[in-house]
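What follows is the residue order along each chain.
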Amino acid sequence: MDVDVSFANDLCSGIKIASNQYIENHTSGLASGIFLQSIKGNTHIYSNSVIRSNNYGIYLNFTNFTNITGNSFYVNNFSIYVPSNSTNHTISSNTFFNTTNYSIYVTNANNSGTNITSNIIVNATAGIYLNNASANISHNNISEILRGEGVGIDLFSGDNNFIWNNTVNNST
């Protein structure tokens, strides 16, 4: 699927997916760029440009086994949001620029099987945030977080987290 989506009304989602698919899109100026609902296996989200989403660049709701790879996120509130009802995701080789809140936010997903690897995060309020979640976080390059006063990787709580070989520059 290759779709260009741009709406003047920022109260909608650009693409709402309710079945397993390969997704390649360009979204701009939406409440949520890509919203996945109740998908239980093997969805690939790749080569997307998600620009100025007021809420979420990608939101995974009741979704499992999603591979989010090679996407670009510009000026989003939350670039990737993984709530408690979603598990077993791979978030890799994405670039995040000027995220106003969190670039990658994983919440209440203990034993989630989330892997966050080889992403580039530049100029965000916070880079990667885990709230009562479990994840493997490696080989990410995080810089210029809140002009040197934000957090590159924020682990609020959770068990079985493995964090290694990340680079965090000009952050706290």
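Keep in mind it's a predicted model, so treat the numbers as computed, not measured.

Student: Tell me about the nonpolar core, and name the residues and values.
Tutor: The biggest cluster of nonpolar side chains holds 25 residues, and the ones touching the most others in it are Ile58, Ile80, Ile104, Ile116 and Ile121. Look past the residues within four positions of Ile80 in its chain and what remains in contact with it is Ile58, Ile68, Phe73, Ile91, Phe96, Ser103, Ile104 and Tyr105. Formed by eight residues, the second largest nonpolar core is a distinct cluster that contains Phe35, Tyr59, Tyr105 and Tyr129.

Student: Help me get a handle on the environment of Phe78, residues and values and all.
Tutor: Here Phe78 is to be found in strand S10 (residues 78–82). Under the relative-accessibility criterion, Phe78 is labelled buried at 13%. Placed 24 residues apart in sequence, Phe78 and Tyr102 show a C-alpha to C-alpha distance of 5.0 Å. The contact partners of Phe78, leaving out residues within four places of it in the chain, are Asn55, Tyr56, Gly57, Asn101, Tyr102 and Tyr105.

Student: Describe unusual backbone geometry, with residues and values.
Tutor: Despite not being glycine, Asn88 has its phi angle at roughly 55°, a positive value. Counting through the fold element by element, Asn88 comes out in the loop between S10 and strand S11 (90–92). Of note in the backbone geometry, Glu144 takes a positive phi value of approximately 55° without being a glycine.

Student: Requested: an account of the pairing of strand S17 (residues 135–138), with residues and values cited.
Tutor: Each regular strand displays side chains that alternate between the two surfaces of the sheet. Summarising the sheet, strand S14 (residues 114–117) and S17 pair through four bridges and their orientation is parallel. Following the sheet pairing, Asn115 is matched in S17 by Asn136. Sheet topology places S17 next to strand S20 (residues 162–164); three bridges connect them, and they run parallel. Each bridged residue has a counterpart across the sheet, and for Ser138 the counterpart in S20 is Trp164.

Student: So what's going on with the pairing of S10? Which residues, and what values?
Tutor: Across the five residues that make up S10, a large majority, five, are buried. Bridge count between strand S7 (residues 56–61) and S10: three bridges; the pairing is parallel. By the bridge assignment for S10, Tyr59 is matched with Tyr81.

Student: Explain the packing of aromatic side chains to me, using residue names and the numbers behind them.
Tutor: As enumerated under the stated definition, the model contains 14 aromatic pairs in all. Summarising the aromatic geometry, the rings of Phe35 and Tyr59 are spaced 5.1 Å apart at their centres and angled 10° between planes, so their arrangement reads as stacked. Highlighted residues: Phe35 in strand S4 (residues 32–37) and Tyr59 in strand S7, separated in sequence by 24 residues. No difference in accessibility class separates Phe35 from Tyr59, as the two residues are buried. Consider the rings of Tyr56 and Tyr81, whose centres lie 4.9 Å apart with planes at 45°: the pair is tilted. Separated by 25 residues along the polypeptide, Tyr56 in strand S7 and Tyr81 in strand S10 bring together distant segments of the chain. In textbook terms, an aromatic cluster arises when at least three aromatic residues are bridged by ring pairs, as seen for Phe35, Tyr56, Tyr59, Phe78, Tyr81, Tyr102, Tyr105 and Tyr129.

Student: Residue-level account of the side chain of Ser92, with values.
Tutor: By the secondary structure assignment, Ser92 is in strand S11. Ignoring any residue separated from it by four or fewer positions in sequence, one finds Ser92 in contact with Asn67, Ile68, Thr69, Gly70, Thr117 and Asn119.

Student: Describe the environment of Asn141, with residues and values.
Tutor: In this structure, Asn141 sits in strand S18 (residues 141–143). Residues Asn141 and Thr117, 24 residues apart in the sequence, show an inter-C-alpha distance of 9.3 Å. With residues up to four places along the chain from it excluded, the contact list for Asn141 reads Asn119, Ile120, Ile121 and Thr167.

Rules of the game
Residues numbered from 1 in each chain as written. Predicted model: local features only at pLDDT ≥ 70, side-chain atom pairs only at ≥ 80, totals over all residues. Heavy atoms only, no water. Core = buried A, V, L, I, M, F, W, Y, C linked by side-chain atoms within 4.5 Å. Buried < 20%, exposed > 50% of the residue type's maximum accessible area, 1.4 Å probe, protein only. Contact = heavy atoms within 4.5 Å. Helix = DSSP H or I, 4+ residues; strand = E, 2+ residues; numbered from the N terminus. Pairing = 2+ DSSP bridges. Phe/Tyr/Trp six-rings, centres within 6.5 Å; stacked < 30°, edge-to-face > 60°.

What is shown is where atoms sit, not what they do.
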